[in-house]
Amino acid sequence: MSQNIAIGSDTPDTSDGLHVLDLLIVVSQQRWVILFTVLVAVAIALSVAFLMTPAYSSTAKFIPPQQQQSAGVAAMLGQLGGLAGAVGGLGAKNSGDTYVGVLESRTVADRLIARFELKERYKKSTFGESRKMLSSNTTIVNGKKDGFISVTVEDRDPQFAANVANAYVEELGKLTSTLALTEASQRRVFFEKQMSDVKSQLADAEVSLRRIQERTGLIQPGAQVTAIITVATQLKATIAAKEIQIKAIRTFASPQNPELLRANAELQGLQAELTKLERSQSGRQGDLMVPTGNIPEIGVEFTRGARDIKYYETIFELLAKQFELAKIDEAKESGTVQILDPAIPSEQRIKPHRSLIVLGGIVVGLFAGLFLALVRHFYTQARSNPGNREKWQKLARIWNRRAVQNSTAD
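1. Quick notes on the packing of aromatic side chains
Taken as a whole, this structure holds three aromatic pairs when the rule is applied. The interplanar angle of 70° and the centroid separation of 5.3 Å between the aromatic rings of Phe190 and Phe191 together place this pair among those described as edge-to-face. Over the ring of Phe160 we find Arg121, and its NZ or CZ is 3.7 Å from the ring centre.

See below:
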């Protein structure tokens, strides 16, 4: 059985451990120490509570753009065949998380930092530190049930907090007008890119057909071929008539007869023109008389070139219709960030919670006072014990000896 010193008495107590009554006796004896400690802690807590800069919060709540695909758009997509499947995936509705992500983006943060000069307000030297500070003062919540998005901003100035919260919604509206966030915007971007590609292909096809026309001389296959055949027929008939004329002249004229020589020269010229039409040789640039031997090959080449132009023209017309519909739908959806509750300056601060700080000071002061009371009590008991007094004196001699040694070394 251990020997303990009874609290408040010089006689030893033979009971085991420390009784609760002993603690109550210590608290009673050291109540002024405890009370003083609690009062000091409360005074410090009050000072901190009133010295802390108060913070206010303002919340802006808005309805994100609602996305839906009209029946007219779905019907027009059917005209594009395979392209309809590619665009069909764009019809899915975007969740509010997309708009929350935009609000939390670096682009929006940088715009707000520049707009409200937050680097100077937060006393930060870089945009990165300012973004972190703005993010810590901003809370963005996407309501899963009602679909509303709320933006809450904290600041020491209630009017400034309201301005920043409303600015978040304004910046979202500006970005949604340029980014393809909605289904209509995605369709517009898709068809715009497709139109650009098809337009380039159509221009290449037109250049290719122009080169075919310049190289072959074939411009209008139907009328031009008919004209060429008519010319060839007329040449053959003229040649036949000229040959008959020459045969008639030879019956009464000598070979050196000027009339016969002139008729032979005319016949050779007609035959040369006919040969030019019939032989497979390229005509001169700008010559519209296509060789009859090349008409089938040139006709096929020209038909293919014209068919490519017609194909790309048809695709371009269909895409242009879809592009215009997408622009109309996008115009309808643009600016549909509907503010339900604009942020207004708060009349009540959200922090500091002075009552909680004072309560915390009381609790901390109470525990600190109990600890100091116990330490003071046991120190007093240790000093009053004769055996411990000798130990204290020995400890004091040791420290005095060391102090002398240190002073001598100096």
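2. Brief notes about the sheet that holds strand β6 (residues 338–341)
With respect to topology, four strands assemble into an open sheet ordered β4-β5-β3-β6, the strand pairing being antiparallel. In this open sheet, the two strands that pair with only one neighbour each are β4 (138–142) and β6. The average undirected angle you get between the axes of adjacent strands in this sheet is 25°. In the packing of helix α9 (residues 158–176) onto the sheet, the strands contacted are β3 (56–63), β4, β5 (149–155) and β6, and the crossing angle to β3 comes to about 25°.

3. Quick notes on the side chain of Asn166
As for its placement among the helices and strands, Asn166 is situated in helix α9. The contacts of Asn166, once residues within four sequence positions are left out, are Ala60, Pro342 and Ala343.

4. Some words on unusual backbone geometry
For Glu117, which is not a glycine, the phi torsion comes out positive at approximately 55°. Locating Glu117 in the fold gives a position in the loop between α6 (106–116) and α7 (118–122). For Glu117, a relative accessible area of 52% gives the class exposed. For Lys123, which is not a glycine, the phi torsion comes out positive at approximately 60°. Counting through the fold element by element, Lys123 comes out in the loop between α7 and α8 (127–136).

5. Some points on α6
Those residues of α6 that fall on the buried side of the exposure criterion are Val108, Ala109, Asp110, Leu112, Ile113 and Phe116. Packing partners of the buried residues in α6 comprise α5 (96–103), α7, α8 and α9. Directly after α6, the chain includes Glu117, whose backbone phi takes a positive value near 55°.

6. Quick word on the packing of α6 against α8
Packing of α6 against α8 brings their axes to within 10 Å, and their N-to-C directions diverge by 100°. If you check the angle between α6 and α8, you find them roughly perpendicular. Contact residues: Arg106, Ala109, Asp110, Leu112 and Ile113 in α6; Phe127, Ser130, Arg131 and Leu134 in α8. Of the residues contributing to the contact of α6 with α8, the split by class is five nonpolar, one polar and three charged.

7. Considerations on the environment of Arg31
Structurally, Arg31 is set in helix α2 (residues 31–51). Exposure remark for Arg31: the relative accessible area of 47% places this residue in the partly exposed category. Considering only alpha carbons, one finds Arg31 and Gly369, 338 residues apart in sequence, at a separation of 8.6 Å.

8. Considering the environment of Thr176
By secondary structure assignment, the location of Thr176 is in helix α9. Judged by relative accessible area, Thr176 falls into the buried class, the value being 11%. Linking Thr176 and Pro65, residues 111 residues apart in sequence, is a C-alpha distance of 9.0 Å.

9. Observations regarding the pairing of β5
Across the seven residues that make up β5, a large majority, six, are buried. Note: β3 against β5, seven bridges, orientation antiparallel. Looking at β5, one finds that Phe62 is bridged to Ile149. Inspection of the sheet shows β4 paired to β5 by five bridges, in the antiparallel sense. Each bridged residue has a counterpart across the sheet, and for Thr138 the counterpart in β5 is Val153. In textbook terms, the turn of a hairpin is the stretch between consecutive antiparallel strands, and for β4 and β5 this stretch comprises six residues, one of which, Gly147, has a positive phi near 80°.

10. Re the side chain of Asn137
Of note, Asn137 is situated in the loop between α8 and β4. Side-chain polar atoms of Asn137 contact the side chain of Tyr122, separated by 3.5 Å. Excluding residues that lie within four positions of it along the chain, Asn137 makes contacts with Tyr122, Thr152, Val153 and Glu154.

11. Considerations on the pattern of salt bridges
Applying the stated criterion across every chain, the model contains eight salt bridges. The shortest N-O distance in the salt bridge between Glu170 and Arg115 comes to 2.7 Å. Here Arg115 lies in helix α6 and Glu170 lies in helix α9, a separation of 55 residues in the sequence. Given a relative accessible area of 40%, Arg115 falls into the partly exposed group. Residue Arg115 is joined to Glu171 by a salt bridge in which the shortest nitrogen-to-oxygen separation is 3.4 Å. Of this pair, Arg115 sits in helix α6 while Glu171 sits in helix α9, and the two are 56 residues apart along the sequence. Take Glu171: its relative accessible area is 4%, and that puts it in the buried class. Look at the salt bridges and you will find they share partners, linking Arg111, Arg115, Glu170, Glu171 and Lys174 into a network.

Criteria and cut-off values
Counting from 1, residues in each chain are numbered in the order their sequence is written. For a predicted model such as this one, the threshold for reporting local features is a pLDDT of at least 70, and the threshold for listing and counting side-chain atom pairs is 80 or more; totals across whole chains, interfaces and linings nevertheless cover every residue. Only hydrogens and water are set aside; all other atoms, that is, all heavy atoms of the structure, feed into the side-chain values. In this analysis, rings of Phe, Tyr and Trp, with Trp reduced to its six-membered ring, are considered paired at centre separations within 6.5 Å, and the interplanar angle assigns stacked below 30 degrees, edge-to-face beyond 60, and tilted for intermediate values. In this analysis the charged atom, NZ for Lys or CZ for Arg, is taken to sit over a ring once it is within 6 Å of the ring centre and within 35 degrees of the ring normal. Any two strands with at least two DSSP bridges between them are considered paired. Only runs of H or I of at least four residues qualify as helices and only runs of E of at least two qualify as strands under DSSP, and these elements are numbered from the N terminus. Helix axes are fitted only over the stretch in contact, all axes being lines through C-alpha atoms; the angle between N-to-C directions runs from 0 to 180 degrees. Only heavy atoms enter the contact rule, under which two residues are in contact if any of them lie within 4.5 Å. To sort residues, take the accessible area from a 1.4 Å probe on protein chains only and compare it with the maximum for the residue type: under 20% means buried, over 50% means exposed, and anything in between is partly exposed. Angle categories: roughly parallel below 35 degrees, roughly antiparallel above 145, roughly perpendicular from 65 to 115, and oblique for all the rest. Each residue is assigned to one class: nonpolar for Ala, Val, Leu, Ile, Met, Phe, Trp, Tyr, Cys and Pro, charged for Asp, Glu, Lys and Arg, and polar for all the others, Gly among them. Polar contact is the term for a pair of N or O atoms within 3.5 Å; when the atoms are in protein, one must be able to donate a hydrogen and the other to accept it, and sequence-neighboring residues count only if both atoms are side-chain atoms. Any Lys or Arg side-chain nitrogen found within 4 Å of a carboxyl oxygen on Asp or Glu counts as a salt bridge.

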